[in-house]
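Spelled out, the chains give:
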Amino acid sequence: WSVITLGGDKSDTPMVAEDGSVVVTLGYQVPTDCPDGVYEIGFGDKCMVFKDNTAFNYSVTKLNGFITVGDEPIETSTTTTKKVTTTTEPQPVDGEIVFDFGNHTAKPGDTVKVNVTITPDGKPIAAIDATLAQDSPIELTNIGSESKAFGRSIVSNLPEKAWSVITLGGDKSDTPMVA
C-alpha cells in the first residue's frame, strides 16, 4: 500500500503523526479447519522506510505479530509434551522506526483485524515500502485503505501482499512527514 501525504509544492510541510498511531489496518482470515497453534504475522522480505527522496533508509524493528488459534497449543514428541507459548518479555528494539503488529487470539473461522502501529520517535518519513507475510494457513484478506498515522489514503496490492506509503509529492525539495 502507499500513502501520499504532500502535494508536491516546495512549500509543503510534513504532517506529524503520534508515536503508537495506526499506520495500516490488516485483515486476516483463520480457516475453519485451522489447527490450534501460534501463527506469525508481519513483514515479508521487504520493509524500507525512506528518510527522503533518495535511497537513504531508516533501520526497522518489527514487534510481536502472532495470532494464537484455539487453546494453548501443545507440541508433542515421543518422549515429552510441552506447551508452546510466545514470549511476553520485551523484544529488542534496535531499529530507528518500530512497527508493532500486536498479539491476537482467534478461533477457527474468525477474521482478525490487526492495527499495525508505528513509533518513529519524531523522525520524518518520506515513504514506506513493504511486503507482508504470515504463517500458513492464516490468510491475509485485507489491507486497509487509509493510514491514520499519516491521514492519507493507502494504495495496496493484496495479491502481492505489498504496500507503500509515500509522504512526498515527488519534488526533491519536499519535506518528509513525521509519523
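Along each chain, residues carry numbers from 1 onward, in the same order as the chain's sequence is written. Thresholds applied to this predicted model are a pLDDT of at least 70 for local features of residues and 80 or more for the giving and counting of side-chain atom pairs; totals over whole chains, interfaces and linings are not thresholded and use all residues. Hydrogen atoms and water are omitted, and side-chain values are computed over all heavy atoms in the structure.

Student: Report on the packing of aromatic side chains, specifying residues and quantitative values.
Tutor: Between the rings of Phe, Tyr and Trp (Trp by its six-membered ring), a pair exists once the centres lie within 6.5 Å; its type follows the angle of the planes, with under 30 degrees stacked, over 60 edge-to-face, and the other angles tilted. Under the criterion given, the structure shown has 2 aromatic pairs. For the pair Phe43 and Phe99, a centre-to-centre distance of 5.1 Å together with 90 degrees between the ring planes defines the contact as edge-to-face. Here Phe43 is found in strand β2 (residues 37–50), whereas its partner Phe99 is found in strand β8 (residues 97–100), with 56 residues between them in sequence. Grouping residues by exposure puts Phe43 and Phe99 together as buried. Ring plane angle 90 degrees and centroid distance 5.1 Å describe the contact between Phe43 and Phe101, whose orientation is recorded as edge-to-face. In this pair, Phe43 is assigned in strand β2 and Phe101 in the loop between β8 and β9 (103–106), connecting sequence segments 58 residues apart. Elements are defined by DSSP. Helices are runs of H or I of four residues or more, strands are runs of E of two residues or more, and each kind is numbered from the N terminus. Accessible area is worked out with a 1.4 Å probe on protein chains only. A residue is then buried under 20% of its type maximum, exposed over 50%, and partly exposed in between.

Student: So what about the sheet that holds strand β13 (residues 139–143)? Which residues, and what values?
Tutor: Strand pairing is defined by DSSP finding a minimum of two bridges between the two strands. Here 5 strands make up an open sheet; going across it, the order is β4-β8-β10-β1-β13 and the pairing mixed. Among the strands making up the open sheet, the edge pair consists of β4 (60–63) and β13. Strand-to-strand twist in this sheet, taken as the mean axis angle between neighbours without regard to direction, amounts to 25 degrees. The angle between two axes is taken between their N-to-C directions and runs from 0 to 180 degrees, where each axis is a line fitted to C-alpha atoms and a helix contributes only its stretch in contact.

Student: Lay out the pairing of strand β10 (residues 111–119) in plain terms, naming residues and giving numbers.
Tutor: Sheet topology note: the strand β1 (residues 21–29)/β10 ladder contains 8 bridges and is antiparallel. Considered in β10, the bridge of Leu26 is made with Val114.

Student: Tell me what's going on with the pattern of salt bridges, and back it up with residues and numbers.
Tutor: Side-chain pairing between opposite charges can occur once the charged atoms of the two side chains come close. Each reported salt bridge corresponds to a side-chain nitrogen of Lys or Arg within 4 Å of a carboxyl oxygen of Asp or Glu. Enumeration according to the criterion identifies 3 salt bridges in this entry. In this structure, Glu40 and Lys62 form a salt bridge, with 2.7 Å as the shortest nitrogen-oxygen distance. Of this pair, Glu40 sits in strand β2 while Lys62 is found in strand β4, placing the two residues 22 residues apart along the sequence. Using a relative accessible area of 24% as the deciding quantity, one classes Lys62 as partly exposed.

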